[in-house]
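# Structural overview
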Amino acid sequence: MTALRSPLWGIVALFAAMILGPLASDPAYSTVSNTTSELAGQGMPNAWIMRTGFAAFGLAAILSAALRLREAPLMHIPVLLFGLGMIGVAVWSGPPLDPALPVDAEAARMHALLASGVGFAFALACGVRIFLPGGEPFEGVSWLGLIVSIAIPLAMTRFPEIDGVLQRIMFAVSALWLWQRYGASHVR
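Description of the structure in this document. (Residues numbered from 1 in each chain as written. Predicted model: local features only at pLDDT ≥ 70, side-chain atom pairs only at ≥ 80, totals over all residues. Heavy atoms only, no water.)

### Details of helix H8 (residues 163-182)
This is how it is decided: The secondary structure listing takes helices from DSSP runs of H or I that are at least 4 residues long and strands from runs of E that are at least 2 residues long, numbered from the N terminus. Take the residue count of a helix, subtract one, and multiply by 1.5 Å to get its expected span. The rule is simple: take the accessible area with a 1.4 Å probe, protein chains only, and divide by the maximum for that residue type; under 20% is buried, over 50% is exposed, in between is partly exposed.
Taking 1.5 Å as the rise per residue, H8 with 20 residues should run 28 Å; its terminal C-alpha atoms sit 28 Å apart, in good agreement. Summarising burial for H8: 14 of the 20 residues are buried, a large majority.

Here's what the structure looks like:
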């Protein structure tokens, strides 16, 4: 039961997928300029690797929050939404990296919607943690998460040539937040 309470296994799966996925994927894929959604995109070789990482990360977030839901529901519901969104991102893939390949437009729309929802849910989780009664108004990791969840998507529109790096920073911050919030040594 303790292993399920900790998101570490999902965090490890996500980062393993981000590291191993590019090695088994299209040689045109760049970790600097391409996002993890593109790594898991339609028509990508071995996209299942990144999709599995998304799903594991989402499931770990869901279990970590669900096992504590009775303690403070408002604190954990945004994390449940974050996890559900991550699983949805794994199920519905974004468009192919190669624009010449056919696109399942509905899957791509769902992926984009869910990816936006994941970002919103994470910002909400950080905000709830900071501003809700019983929260931690001076918790640095939550402030970092809130700032990053707003600033990085904006930066990605301005600097698309480094989308991959920016998105990976966002994932690192969300993983750090989940670990800090739900790591094995925490009981809340």
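### Side note on the nonpolar core
Note that soluble globular proteins tend to have their nonpolar side chains buried in a common cluster. Keep this limit in mind: What we call a nonpolar core is a set of buried Ala, Val, Leu, Ile, Met, Phe, Trp, Tyr and Cys residues that are connected through their side-chain atoms within 4.5 Å. The contact criterion used is simple: two residues touch if any of their non-hydrogen atoms lie within 4.5 Å.
Ranked by internal contacts, the top residues of the largest apolar core, which has 43 residues, are Met50, Phe54, Phe57, Val79, Phe82, Trp177 and Leu178. Among the elements of the structure, helix H2 (8-23), helix H4 (47-66), helix H5 (73-91), helix H6 (105-131), helix H7 (140-158) and H8 are those that each provide at least two residues to this core. Among all residues touching Phe57, those that are not within four sequence positions of it are Gly10, Ile11, Leu14, Phe82, Met86, Phe171, Ser174, Ala175 and Leu178.

### Observations regarding H5
Compared with an ideal rise of 1.5 Å per residue, which puts 19 residues at 27 Å, H5 spans 27 Å between its outermost C-alpha atoms and is within 8% of the ideal. Met75, His76, Pro78, Val79, Leu80, Phe82, Gly83, Gly85, Met86, Gly88, Val89 and Ala90 are the residues of H5 that are buried. In this structure, the buried side of H5 is in contact with H4, H6 and H8.

### Some remarks on the side chain of Ser25
Topologically, Ser25 is positioned in the loop between H2 and helix H3 (36-39). Note on Ser25: relative accessible area 11%, which makes it buried. When near neighbours in sequence (up to four residues on either side) are disregarded, Ser25 contacts Leu39, Met44 and Pro45.

### Structural notes on the packing of aromatic side chains
Put simply, the test is: Centre distance within 6.5 Å is the pairing criterion for rings of Phe, Tyr and Trp, where only the six-membered ring of Trp is used; planes under 30 degrees apart are then read as stacked, over 60 as edge-to-face, and the remainder as tilted.
Tallying each qualifying case throughout the model produces seven aromatic pairs. Considering the side-chain rings of Phe57 and Phe82, the 5.7 Å spacing of their centres and the 80 degrees angle between planes classify their relative orientation as edge-to-face. Remark: Phe82 occurs in helix H5 and Phe57 occurs in helix H4; sequence separation between them is 25 residues. Considering the side-chain rings of Phe131 and Trp143, the 5.5 Å spacing of their centres and the 85 degrees angle between planes classify their relative orientation as edge-to-face. Here the residue Phe131 occupies a position in helix H6, and Trp143 occupies one in helix H7, the gap between them amounting to 12 residues. The exposure class of Trp143 is partly exposed, given its relative accessible area of 33%.

### Remarks on the environment of Asp163
Position of Asp163 relative to the elements: it lies in helix H8. Separated by 11 residues in the primary sequence, Asp163 and Ile152 place their C-alpha atoms 9.0 Å from one another.

### Observations regarding the pattern of salt bridges
The condition is simple: Salt bridges are defined by distance alone: a side-chain nitrogen of Lys or Arg within 4 Å of a carboxyl oxygen of Asp or Glu.
Inspection of every chain in the model, using the stated rule, returns three salt bridges. Arg109 serves as the salt-bridge partner of Glu106, at 3.0 Å between the closest nitrogen and oxygen. Taken as a pair, Glu106 and Arg109 lie in helix H6 at a separation of three residues, close to a single helical turn. Residue Glu106 is classed as partly exposed on the basis of its relative accessible area, which comes to 44%. Between Glu136 and Arg129 there is a salt bridge, with its nearest N and O atoms 3.6 Å apart. What makes Arg129 buried here is its relative accessible area of 5%. In the salt-bridge network here, residues are joined through shared partners; they are Arg129, Glu136 and Glu139.

This is a description of form; function is not addressed.
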